[in-house]
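# Geometric and topological summary
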Amino acid sequence: MRLSPLRASALALALLLPVGHAFAQQAPAPVDPVPGAEQLDPNMEMDAPTPRDPLEIYADLNLFGEIFDRIRAEYVDPPDEQELVRAAIQGMLTSLDPHSGYLPPARL
């Protein structure tokens, strides 16, 4: 099976996502409100996400590099490395929101 560079990059990025997000999680059981207590908005986050340890981030980037090298070494046809990197950047930006994207530099 031959993957396009975009699909290969999407696969590589999918492998970088934490596994916990791949499974559906059960919603917590509703709690009976205390009379007279202030009601919180259920959509408001209680705590800001804690920043990840730089070692975890670099471990993920190392995994991305290993996948990139494996695609280069074992793919049926030699891929365009520049296109793979650009597709990975595009996938990363579009995962943020539907309005973000990557515009590659104009060729002169």
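Residues numbered from 1 in each chain as written. Predicted model: local features only at pLDDT ≥ 70, side-chain atom pairs only at ≥ 80, totals over all residues. Heavy atoms only, no water.

### Some points on the packing of aromatic side chains
Rules: Under the pairing criterion, centres of Phe, Tyr and Trp rings, with the six-membered ring standing for Trp, must be within 6.5 Å; the plane angle then separates stacked pairs below 30 degrees from edge-to-face pairs above 60, leaving the rest tilted. A run of DSSP states H or I qualifies as a helix once it reaches four residues; a run of E qualifies as a strand once it reaches two. Both are numbered from the N-terminal end. When a residue's accessible area, from a 1.4 Å probe over protein chains only, is under 20% of the maximum for its type it is buried; when over 50% it is exposed; and in between it is partly exposed.
Per the stated rule, a full pass over the model turns up one aromatic pair. Judged by centre distance (6.5 Å) and plane angle (25°), the rings of F64 and F68 are stacked. Here F64 and its partner F68 are both found in helix α2 (residues 54-74), four residues apart, which amounts to about one turn of the helix. Residue classification places F68 among the buried residues on the basis of a relative accessible area of 16%.

### A short note on a nonpolar patch on the surface
So the rule is basically this: Only residues above 30% relative accessible area that lack a salt bridge enter a patch, with like-charged residues linked at up to 9 Å and the nonpolar side chains Val, Leu, Ile, Met, Phe, Trp and Tyr linked at up to 5 Å. Note on areas: Shrake-Rupley with a 1.4 Å probe; residue coverage comes only from the protein chains shown. We count a salt bridge whenever a side-chain nitrogen from Lys or Arg sits within 4 Å of a carboxyl oxygen from Asp or Glu.
There is a patch of nonpolar side chains on the surface, built from I57, Y58 and L61 and spanning about 320 Å² of accessible area. Tracing the backbone shows I57 in helix α2.

### With respect to the nonpolar core
Note the following rule: The nonpolar core is taken to be a set of buried Ala, Val, Leu, Ile, Met, Phe, Trp, Tyr and Cys residues, with the residues joined through side-chain atoms within 4.5 Å.
Among the nonpolar cores identified, the biggest contains five residues, and these are I67, F68, I71, Y75 and L84. By residue number, the principal contributor to this core is α2, which donates three residues.

### Considerations on the pattern of salt bridges
Counting across every chain of the model gives five salt bridges. Of the charged contacts in the structure, one is a salt bridge between E56 and R52, with a shortest N-O distance of 3.8 Å. Judged by relative accessible area, which is 40%, E56 ranks as partly exposed. Ionic pairing is found between D60 and R52, a salt bridge with its closest N-O pair at 2.7 Å. Using a relative accessible area of 24% as the deciding quantity, one classes D60 as partly exposed. Given a relative accessible area of 45%, R52 falls into the partly exposed group. Taken together, the salt bridges that share partners define one network made up of R52, E56 and D60.

### Side note on the side chain of R86
Basically, it comes down to this: Positive charges come from Lys and Arg, negative ones from Asp and Glu, while His and the chain ends are left out of the count. By definition in these notes, contact holds between two residues if any of their heavy atoms fall within 4.5 Å.
In this structure, R86 sits in helix α3 (residues 81-94). Buried charge without a salt bridge: R86, with E83 as the nearest opposite-charge side chain at an N-O distance of 5.4 Å. Contacts of R86, omitting those with residues within four sequence positions, involve Y102, P104, P105 and R107.

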